[in-house]
Amino acid sequence: MDATPIEEKVASSEVLQFQQLLADLWLERSLNELQSRINSCLARARNSQQSLQELESEVFQTLVRQLSVSFKTNKVAIALPKGLSPLAVTHNTDDLVVLTELDYQICYTALPIDATTQLEQSTGVSSKQHKFWQLEQVISLQDLQKLQNQKPKSAWVLQDERGVLAWVTIATAALPINATFTEKLKRQLQPQLIERSLNATMQAIVQLQQLQALTVKYQQLEIQNRDLSRTNKLKSEFLANTSHEIRTPLSSILGFTHLLKAQGYNPENHRHQEYLNIILTSGQHLLALINDILDLSKIEANQLEIAKETVNIPELCRSAIGLVKEKASDKNLQLQLDIDPNATTLVADSLRLKQMLFNLLSNALKFTNKGAVGLQVQQKGVFIHFTVWDTGTGIAQEKQSQLFQPYVQISNVVAGRQEGTGLGLALTQKLAQLHGGWVEVQSRVNRGSKFTIVLPLTAAVANTAAEVQKGDRNSSEGESRVSVKTTAPQIPASKVATVMLVEDNFHNAKLMTTYLRKLGHQVIWVNSAAQMWEALPKKKPTVILMDVHLPDVDGLTLVQQLQANEEYCQIPVIAQTAMAMKGDRETCLAAGAIDYISKPIDLQALASLVDKYSDPNH
């Protein structure tokens, strides 16, 4: 028998298996090479400062190059929606909704940019369609769909669950008649290679997006950490400066009080009067410091309200100048005031406006050792400009952006130690903004500075309404920014009241008891809820001064209990507390108190309230 046919069959089968193996190896090698290059892109991306769009571009270009090598053709390209970057297409859901209405543009190609050779017609599409593989050419969605539907297929969609990301177009020449079996097998495997390559590319894009998101999060955390570190440093500096600012006047208060106690107070002794003035001034400084901190906290919490009234500009400016006159005299500096004759009145919160001017004048004096400090007022159109200028050392341009940041203090050789808390300018700017204005600064090193408060000139309100508003404010808000007057008003005998003071702090109780008795009132002092209920039946008071914080029962609870008691519900209760934030007054009134006064107690305001609510006709 002739065995040749059998041997040929065996040999032929082995050749076919070998050729199939070669084709499979080609497929896996192509995918491995693509994945290796993609992994390199991902590895570089971890330490790269490139944008997500740039990183995605590397992956797309890697896909184009690998397919062109695997298919041995330069007719490979990727088209993106025209006018949309990969970043926009991938992340913007709204853009994905309208992608079907967009044209596409070739963004990545295996052809060189200056290629001019006409491509062969190999896809069944007109030769004019060579644009499918030339950079920056625009293609319609309909043309891409034609390539996708033709046989053999020449366009594939790159997409995820959100929609179309891009189109990949590949044109391969027809197989020659004498093509080997391996080449035919490779052609059969091409769709599988393309699909798996697109899947690998999409996975890489997703990883890049995740990596970019983590990078952005990391950068945000870094910024937050720097901000927290800076805030922590500012907090430490603020606490250190605040501690010094509190201890300095407190030292004067304690020291001069000790001297008066040791020497025995003599009203006729001028030195003792001087000691008392120092104690009073130091106390006012402490109160101003606390008020600045509270005011800034209120503003940042949107809790500070301004009470507008008609302000006499010349009068207010002279008052502000008077507040710093002594400090200017101590430093031998001239104080100048220049007011535009047209600038007579404006509608503003007079207390806050004086506070702003005082802050700027104090700063100017602090940073000026020779020359002058002045306040100039000009009316410009519908705005009033309050300009505080000085001949001090000035502020460097690069530091001016820090001026209005809370708790930040700029070092200055003139001022020496960093006085103050760093709140003055920040508070001034925020108060100006609450008035609908702003603060401007001009400064040059060694040439002085100009700080200008610009406020809108609004229509004046009636004087009577302004006075009523001012009176209500003084009586209800109890803002203790003005010095306590040493001369008490005389109250007619008909208005002498029996006042029950519910206060657990001995020194505060002593102060109010002494003051009210000096005015002729009878004062019953109790320091707890139990003592109050025990004293009430013995002598029914005309007015009750109720401290909110008591050791046994909360003061507001006591107010509610009094209101619920038929025998005592008609007695006016005035809440007095160290709470000074917005809402505290409303809380006290809601509990049943008839009015509210904040600590430290303004004694004149206290006398007015007692007088007001002890009147039987009230």
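Each remark here, short or long, concerns the structure printed above.
Attention in this report is confined to the structure presented alongside it. All values derive from a computational prediction rather than experimental measurement.

Cut-offs and rules
- Residues numbered from 1 in each chain as written.
- Predicted model: local features only at pLDDT ≥ 70, side-chain atom pairs only at ≥ 80, totals over all residues.
- Heavy atoms only, no water.
- Helix = DSSP H or I, 4+ residues; strand = E, 2+ residues; numbered from the N terminus.
- Buried < 20%, exposed > 50% of the residue type's maximum accessible area, 1.4 Å probe, protein only.
- Contact = heavy atoms within 4.5 Å.
- Areas by Shrake-Rupley, 256 points an atom, 1.4 Å probe, with all protein chains shown as cover.
- Pairing = 2+ DSSP bridges.
- Axes fitted to C-alpha atoms, helices over the stretch in contact; angles between N-to-C directions.
- Salt bridge = Lys/Arg side-chain N within 4 Å of Asp/Glu carboxyl O.
- Arc of directions from axis to C-beta.
- Polar contact = N/O pair within 3.5 Å; in protein donor to acceptor, adjacent residues only side chain to side chain.

### Quick word on the overall build of the protein chain
Right, so step 1: The number of helices and strands found in the protein chain is 16 helices and 17 strands.
Right, so step 2: Of all 618 residues assigned to the protein chain, the portion counted as buried reaches 43%.
Right, so step 3: Pairs at least 24 apart in sequence give 70% of the contacts found in the protein chain among residues at least 6 apart.
Right, so step 4: When the accessible surface of the protein chain is split by element, carbon and sulfur atoms take 51% of a total near 33400 Å².

### What about the sheet that holds strand β5 (residues 163-170)?
Sheet strands line up and pair through hydrogen bonds in the backbone, either parallel or antiparallel.
Right, so step 1: If you walk across this open sheet you meet the five strands as β3-β2-β1-β5-β4, and the pairing is antiparallel. For this open sheet the edge positions go to β3 (138-139) and β4 (155-160), each flanked by a neighbour on one side alone.
Right, so step 2: On top of the sheet, helix α5 (residues 141-149) reaches β2 (104-109), β3, β4 and β5; it is set at about 60° to β5, its chief contact.

### Concerning the pattern of salt bridges
Oppositely charged side chains can form a pair if their charged atoms are brought close together.
Right, so step 1: One pass over the structure, following the stated rule, counts two salt bridges.
Right, so step 2: In this structure, Arg 196 engages Glu 28 in a salt bridge whose closest nitrogen and oxygen atoms are separated by 3.2 Å. In this pair, Arg 196 is assigned in helix α6 (residues 181-263) and Glu 28 in helix α1 (residues 4-46), connecting sequence segments 168 residues apart.
Right, so step 3: The exposure class assigned to Arg 196 is partly exposed, which follows from its relative accessible area of 33%.
Right, so step 4: Among the salt bridges present, the one from Glu 58 reaches Arg 44, with a minimum N-O distance of 2.9 Å.

### Focus: the sheet that holds strand β11 (residues 438-444)
Right, so step 1: Taken together, the five strands give an open sheet; going across it, the order is β7-β9-β10-β12-β11, and neighbouring strands pair in mixed fashion. Looking along the sheet, the strands with just one partner apiece sit at the ends: β7 (334-339) and β11. Each adjacent strand pair in this sheet contributes to an overall mean axis angle of 15°, direction not counted.
Right, so step 2: Pairing geometry for β7 and strand β9 (residues 372-380), over six bridges, is parallel.

### Quick word on helix α15 (residues 584-591)
Right, so step 1: Listing the buried residues of α15 in full gives Asp 584, Arg 585, Cys 588 and Ala 591. Along the long axis of α15, the arc covered by the buried residues comes to 130°, so they all point the same way.
Right, so step 2: Phi turns positive, to about 125°, at Gly 592, one or two residues after α15.

### Things to note about the side chain of Thr 452
Right, so step 1: Inspection of the secondary structure assignment puts Thr 452 in strand β12 (residues 448-456).
Right, so step 2: Its relative accessible area of 10% is what places Thr 452 among the buried residues.
Right, so step 3: A distance of 2.9 Å separates the side chain of Thr 452 from the side chain of Thr 387, its partner in a polar contact.
Right, so step 4: For Thr 452, the residues in contact, after removing those within four places along its chain, are His 385, Phe 386, Thr 387, Trp 438, Val 439 and Glu 440.

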